[in-house]
Amino acid sequence: MTVTLEVSDGVGTIRLDRPPMNALDVATQDRLRELAEEATRRDDVRAVILYGGEKVFAAGADIKEMQAMDHAAMVVRSRALQESFTAVARIPKPVVAAVTGYALGGGCELALCADFRIAGDNAKLGQPEILLGLIPGAGGTQRLSRLVGPSRAKDLIFTGRQVKADEALSIGLVDRVVPAADVYEQAHAWASRLARGPALALRAAKESVDAGLETDIDNGLTIERTWFAGLFATEDRERGMRSFVEEGPGKAEFL
């Protein structure tokens with residue numbers, strides 16, 4: 001399998017495994033969607049890590065495969081491509097990308113689907129599609145601009161240049177830079193902490209932020225208010241408030 005899902009202690013690791021560079025061919029894209037949907041369904045998955053291994057996250061699409069496609073074929077395939085990445089972005093649980101080495105093109109777009117990005121000090125990220133006479137097609141023009149702002153996104157997309165980990169951190173493309181050998185460990189610590197949290201509240205928080213970014217402030221506040229009130233019907237809310245009153249803050253244990 002080019003992509004696998006391994007689950008332990010509430011954390012699901014979606015791992016790309018297509019040596020040597022984890023090129024995202026059609027089969028890998030489709031498998032990624034399947035496992036994102038599985039992670040969404042499974043109650044034993046409470047947080048997710050996206051990982052490409054110790055040396056490379058994903059160096060982009062399979063260019064040889066794409067070269068063989070004509071316009072008609074890509075009209076059909078481009079929707080499935082975007083839907084694969086959207087399935088990852090819509091996992092209703094905390095998702096962290098553990099980025100080592102290259103995260104280029106589709107690899108960068110996959111990292112953009114996560115809620116948080118931890119990069120190794122050897123990481124290089126970018127959207128080099130312009131160098132092929134193309135633009136990003138798996139969400140890069142949309143998610144990158146929302147994350148780092150339109151001007152910085154255009155710089156990366158227009159030039160196709162790669163940015164090293166320190167620059168990626170400075171522009172907000174990644175959220176933390178650690179030694180390359182520590183990337184997965186740090187990502188697992190982040191995911192494990194949230195896997196122990198209140199699942200419905202975390203889902204509500206993620207959807208409120210993500211959906212709110214797609215609308216105006218008034219509709220965003222309606223989304224927030226609806227989720228906020230709805231959480232008062234949950235056992236996690238009862239457990240959290242009871243623990244706060246009886247034991248003090250930060251001591252609640254959620255199922």
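See the structure above.
Residues numbered from 1 in each chain as written. Predicted model: local features only at pLDDT ≥ 70, side-chain atom pairs only at ≥ 80, totals over all residues. Heavy atoms only, no water.

A. Main features of the packing of aromatic side chains. Following the criterion strictly, the structure yields three aromatic pairs and no others. Aromatic side chains Phe-116 and Trp-190 sit 5.3 Å apart centroid to centroid with 5 degrees between the ring planes, which places their arrangement in the stacked category. A residue pair is termed long-range when its members are at least 10 positions apart, and Phe-116 in strand E6 (residues 116-120) and Trp-190 in helix H8 (residues 183-195) qualify at 74 residues. Considered together, Phe-116 and Trp-190 belong to a single accessibility category, that of buried residues. With a centroid separation of 5.5 Å and 70 degrees between ring planes, the pair formed by Phe-228 and Phe-232 is classed as edge-to-face. (Phe/Tyr/Trp six-rings, centres within 6.5 Å; stacked < 30°, edge-to-face > 60°. Helix = DSSP H or I, 4+ residues; strand = E, 2+ residues; numbered from the N terminus. Buried < 20%, exposed > 50% of the residue type's maximum accessible area, 1.4 Å probe, protein only.)

B. Seen up close, the sheet that holds strand E5 (residues 102-104). The three strands lie next to each other as E5-E7-E8, forming an open sheet whose pairing is mixed. Among the strands making up the open sheet, the edge pair consists of E5 and strand E8 (162-164). Recorded for the sheet is a direction-independent mean angle of 20 degrees between the axes of neighbouring strands. The pairing of E5 with strand E7 (residues 124-126) spans three bridges and is classified as parallel. The partner of Ala-103 across the bridge, within E7, is Leu-125. (Pairing = 2+ DSSP bridges. Axes fitted to C-alpha atoms, helices over the stretch in contact; angles between N-to-C directions.)

C. Region of the structure containing helix H5 (residues 140-148). Among the residues of H5, Gly-140, Leu-144 and Val-148 are the ones counted as buried. Each buried residue of H5 lies within a common arc of 20 degrees when the element is viewed along its axis, so the set occupies one face. Where H5 is buried, its residues contact helix H4 (106-112) and helix H6 (150-159). Just downstream of H5, Gly-149 is the residue with a positive phi angle, here 95 degrees. (Arc of directions from axis to C-beta. Contact = heavy atoms within 4.5 Å.)

D. Broad picture of helix H10 (residues 217-230). When the terminal C-alpha atoms of H10 are compared, their 20 Å separation across 14 residues agrees well with the 20 Å that a helix rising 1.5 Å per residue should span. Looking at where H10 begins, the residue whose side-chain oxygen comes 3.0 Å from the main-chain nitrogen of Asp-218 is Asp-216. (Expected span 1.5 Å × (residues − 1). Polar contact = N/O pair within 3.5 Å; in protein donor to acceptor, adjacent residues only side chain to side chain.)

E. Looking closely at the pattern of salt bridges. Per the counting criterion, the structure on display carries 14 salt bridges. Here Arg-42 makes a salt bridge to Glu-38, at a shortest N to O gap of 2.8 Å. Residue classification places Arg-42 among the partly exposed residues on the basis of a relative accessible area of 27%. Relative accessible area serves as the criterion here: at 23%, Glu-38 is assigned to the partly exposed category. The shortest N-O distance in the salt bridge between Arg-146 and Glu-214 comes to 3.2 Å. Here Arg-146, found in helix H5, pairs with Glu-214, found in the loop between helix H9 (199-212) and H10; they are 68 residues apart in sequence, far enough to count as distant. (Salt bridge = Lys/Arg side-chain N within 4 Å of Asp/Glu carboxyl O.)

F. Structural view of the nonpolar core. With 45 residues, the main nonpolar core has Leu-50, Phe-57, Leu-125 and Leu-173 as its most contacted residues. No other element matches the five residues that helix H3 (residues 71-89) contributes to this core. Once residues within four sequence positions are removed from consideration, Leu-50 is found in contact with Ile-14, Phe-57, Val-88, Val-95, Val-96, Ala-97, Ala-98, Leu-110 and Ala-114. Listed in part, the 14 residues of the second largest apolar core include Ile-49, Tyr-51, Val-178 and Val-183. (Core = buried A, V, L, I, M, F, W, Y, C linked by side-chain atoms within 4.5 Å.)

Purely geometric stuff here, so don't read any function into it on its own.
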